[in-house]
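Each chain, letter by letter, is given below.
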Amino acid sequence: MRIVFNRSFTSEHQLQFLVDFGQWLGDGQAPNKALSGMELMAKERKAQIEIKIIAKLKNALAEGKPIAFGMRQDFDKELQLVVDVGQQAGCLSALIASYQSFQQQRRELLKRCVQGLVYPCSLLIAALVAVAFIGAIIIPRFSDIDDDIALPIASELLNTSGVLVFQLGPIILFSISLLIIFLGVVITRWQGSQRRHFENLAVFSVFRAYNAIYLLQGLSLLLASNLSVEQALRIFETNSSLYLKKHIQTMRQRLSRGETQLHKVFATGLLTPVALYRFQLGEAVQQSKGRLFAELAERMTTDTERLIVSRQKALVYCSFLSAIALIVLIIVGLGQLFAHLAAQWA
């Protein structure tokens, strides 16, 4: 876990800092000169956090240590790894640019996961709140005014539904919160042999795809820096979650046993059969490994977006239909109640 002393220096700020650094390097500047230029700009903007961080990086270089050494307290481990490998391979500027592109793809994928559900879920929640308020609070007031009022069928149903939502709502919200926490723990930590039976479920499949894309993109960067597949996997193993680490360990074991066909090395259950088939085709035409991993990541991103859209449709339809049904119940229930009161008081 990263220890952050500058809480305002977020992951987004960290990446933008490195992108700016990469641009200075891309202009042919040495790392120390690039940092000096960035320091002047930071002083003009009075960006005290950046000034302090640049001082740490310059001190690391002055002591003959890699830039990543000066990043330990302020940057994510993943970014430290990118800078460390890029500096050793002499392609730091290009590596930062590639990392930024891949990071944007992953963020867009996560954004797609929730974006399509925000409006229908918000509409459903608003409809439930309206049913609870009208059914459990408003309608009983009419009964308090006149005890002889017999509620029409739709009004009675609205009243019953409102009371149920009002009483069970907190319990349901608490249960959903516990379920989300439970799924978060299970998805990231469960390593049992029975997990493969759940990998095709929506949440599990998206999590698996995201990790596969993360691994493929990272490997493409490391392989482009002239590291071997085994070296790249070893670096990833020390900086990965328990879930991903388990797959990487299996991959490394197969490499150590002399397996040379990468589509067999990576057949651990992390990649889909379609991805493995594409892997095999790429090997057959002797495509460079760095490019092969990058193209596989791009295609898996597209496939995952389609998967998310298909899974979202069912949830969207259910949310819209449920919200519409609740709205109709409110309209009909109140309409019947007012009509009944008008007839009774006439």
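Residues numbered from 1 in each chain as written. Predicted model: local features only at pLDDT ≥ 70, side-chain atom pairs only at ≥ 80, totals over all residues. Heavy atoms only, no water.

Colleague: It is not clear to me how the overall build of the protein should be interpreted in this structure. Could you clarify?
Modeller: When helices and strands are tallied, the protein shows 13 helices and zero strands. Its helices and strands in sequence order give the protein the pattern α-α-α-α-α-α-α-α-α-α-α-α-α, from N to C terminus. Taken over C-alpha atoms, the radius of gyration comes to 28 Å for the protein, far larger than the 20 Å a tight globule of 346 residues would show. Across the protein, every contact between residues at least 6 apart in sequence was considered, and the portion connecting residues at least 24 apart equals 62%. Accessible area of the protein: about 19500 Å², with a carbon and sulfur share of 61%. Computed over 35 positive and 26 negative side-chain charges, the separation of the two mean positions in the protein equals 9 Å. (Helix = DSSP H or I, 4+ residues; strand = E, 2+ residues; numbered from the N terminus. Rg over C-alpha atoms; globule rule 2.2 N^0.38 Å. Contact = heavy atoms within 4.5 Å. Areas by Shrake-Rupley, 256 points an atom, 1.4 Å probe, with all protein chains shown as cover. Lys, Arg positive; Asp, Glu negative; His and termini not counted. Charge placed at Lys NZ, Arg CZ, Asp CG, Glu CD.)

Colleague: Is there a simple way to explain a nonpolar patch on the surface in this structure?
Modeller: Taken together, the side chains of Leu164, Leu168, Ile171, Ile172, Ile176 and Ile180 present a nonpolar region at the surface, about 560 Å² in accessible area. Here Ile172 is to be found in helix H7 (residues 153–189). (Patch = residues over 30% accessible without salt bridge, like charges linked within 9 Å, V, L, I, M, F, W, Y side chains within 5 Å. Salt bridge = Lys/Arg side-chain N within 4 Å of Asp/Glu carboxyl O.)

Colleague: Would you mind going over the packing of H7 against helix H8 (residues 202–224) with me for this structure?
Modeller: If you want to describe how two helices pack, look at the angle between their axes and the distance between the axes. Between H7 and H8, the shortest axis-to-axis distance is 11 Å and the interhelical angle comes to 45 degrees. As far as their axial angle goes, H8 and H7 are oblique. As for the relative orientation of H7 and H8, their crossing is right-handed in sense. Counted together, Val186, Ile187 and Thr188 of H7 and Val203, Phe204 and Phe207 of H8 form the full contact between these two elements. Split into classes, the residues belonging to the contact of H7 with H8 amount to five nonpolar, one polar and no charged. (Axes fitted to C-alpha atoms, helices over the stretch in contact; angles between N-to-C directions. Parallel < 35°, antiparallel > 145°, perpendicular 65-115°, else oblique. Left-handed = near helix turned anticlockwise from the far one by under 90°. Nonpolar A, V, L, I, M, F, W, Y, C, P; charged D, E, K, R; others polar.)

Colleague: Sorry, what's going on with the pattern of salt bridges here?
Modeller: Any two side chains of opposite charge can pair, on the condition that their charged atoms come close. Tallied over the full model, the rule gives nine salt bridges. Residue Asp74 pairs with Lys56 through a salt bridge whose shortest N-O separation is 3.0 Å. With a gap of 18 residues between them, Asp74 in the loop between helix H4 (67–70) and helix H5 (77–89) and Lys56 in helix H3 (residues 48–62) connect regions that are remote in the sequence. In this structure Asp74 comes out as buried when scored by relative accessible area, which is 1%. In this structure, the salt-bridge partner of Arg252 is Glu237, at a minimum N-O distance of 2.6 Å. With Arg252 in helix H10 (residues 242–256) and Glu237 in helix H9 (residues 229–237), this residue pair connects regions lying 15 residues apart in the sequence. (Buried < 20%, exposed > 50% of the residue type's maximum accessible area, 1.4 Å probe, protein only.)

Colleague: Quick question: what am I supposed to make of the packing of helix H2 (residues 31–45) against H3 here?
Modeller: Relative orientation of the contacting elements H2 and H3 amounts to 165 degrees, with a least axis distance of 9 Å. Regarding the angle of H2 to H3, the classification is roughly antiparallel. For H2 against H3, the interelement crossing comes out left-handed. Contacts from Pro31, Asn32, Leu35, Ser36, Met38, Glu39, Ala42, Lys43 and Arg45 in H2 reach Glu50, Ile51, Ile54, Leu57, Lys58 and Leu61 in H3. Residue composition of the contact of H2 with H3, by class: eight nonpolar, two polar and five charged.

Colleague: Explain H2 here, please?
Modeller: Residues spaced three or four apart along an α-helix face the same direction, because each turn holds 3.6 residues. The end-to-end C-alpha distance of H2, which contains 15 residues, comes to 21 Å, matching closely the 21 Å that a straight helix rising 1.5 Å per residue would cover. Burial in H2 covers these residues: Ala34, Leu35, Gly37, Met38, Glu39 and Ala42. Here the buried face of H2 lies against helix H1 (11–26) and H3. With its phi angle positive at about 55 degrees, Lys46 sits one or two positions after the end of H2. (Expected span 1.5 Å × (residues − 1).)

Colleague: Teacher, can you tell me more about H10 here?
Modeller: Between the first and last C-alpha of H10 there are 21 Å, a value that for 15 residues agrees with the 21 Å anticipated at 1.5 Å per step. Among the residues of H10, Tyr243, Leu244, His247, Ile248 and Met251 are the ones counted as buried. Each buried residue of H10 sits inside an arc of 120 degrees when the element is viewed along its axis, so together they form one side. Check the buried side of H10 and you find it contacts H7, H8, H9 and helix H11 (262–265). (Arc of directions from axis to C-beta.)

Colleague: What should I look at first to understand the nonpolar core in this one?
Modeller: Generally speaking, a soluble globular protein has its nonpolar side chains buried in company with each other. Formed by 68 residues in total, the largest nonpolar core has its most connected members in Phe17, Leu215, Phe266 and Leu271. Here the element with the most residues in this core is H8; it accounts for 13 residues. Setting aside chain neighbours within four positions, we find Leu215 in contact with Leu233, Phe236, Leu244, Ile248, Met251, Phe266 and Leu270. Formed by 14 residues, the second largest nonpolar core is a distinct cluster that contains Phe142, Leu151, Leu326 and Leu334. (Core = buried A, V, L, I, M, F, W, Y, C linked by side-chain atoms within 4.5 Å.)

Colleague: Just checking my understanding: could you explain the side chain of Arg195 for this structure?
Modeller: Its location among the elements puts Arg195 in the loop between H7 and H8. Here Ile187 takes part through its backbone oxygen, which lies 2.7 Å from a polar atom of the side chain of Arg195. Residue contacts for Arg195: discarding those within four places in its chain leaves Val186, Ile187, Trp190, Phe204, Phe207 and Tyr243. (Polar contact = N/O pair within 3.5 Å; in protein donor to acceptor, adjacent residues only side chain to side chain.)

Colleague: Could you clarify how one ought to interpret the environment of Gly282 in this entry?
Modeller: Position of Gly282 among the secondary structure elements: in helix H12 (residues 273–284). For Gly282, a relative accessible area of 6% gives the class buried. In the structure, Gly282 is positioned 14 residues away from Leu296 in sequence and 9.1 Å away in space, judged by C-alpha atoms. Not counting residues within four places of it along the chain, the set of residues in contact with Gly282 comprises Gln287 and Leu292.

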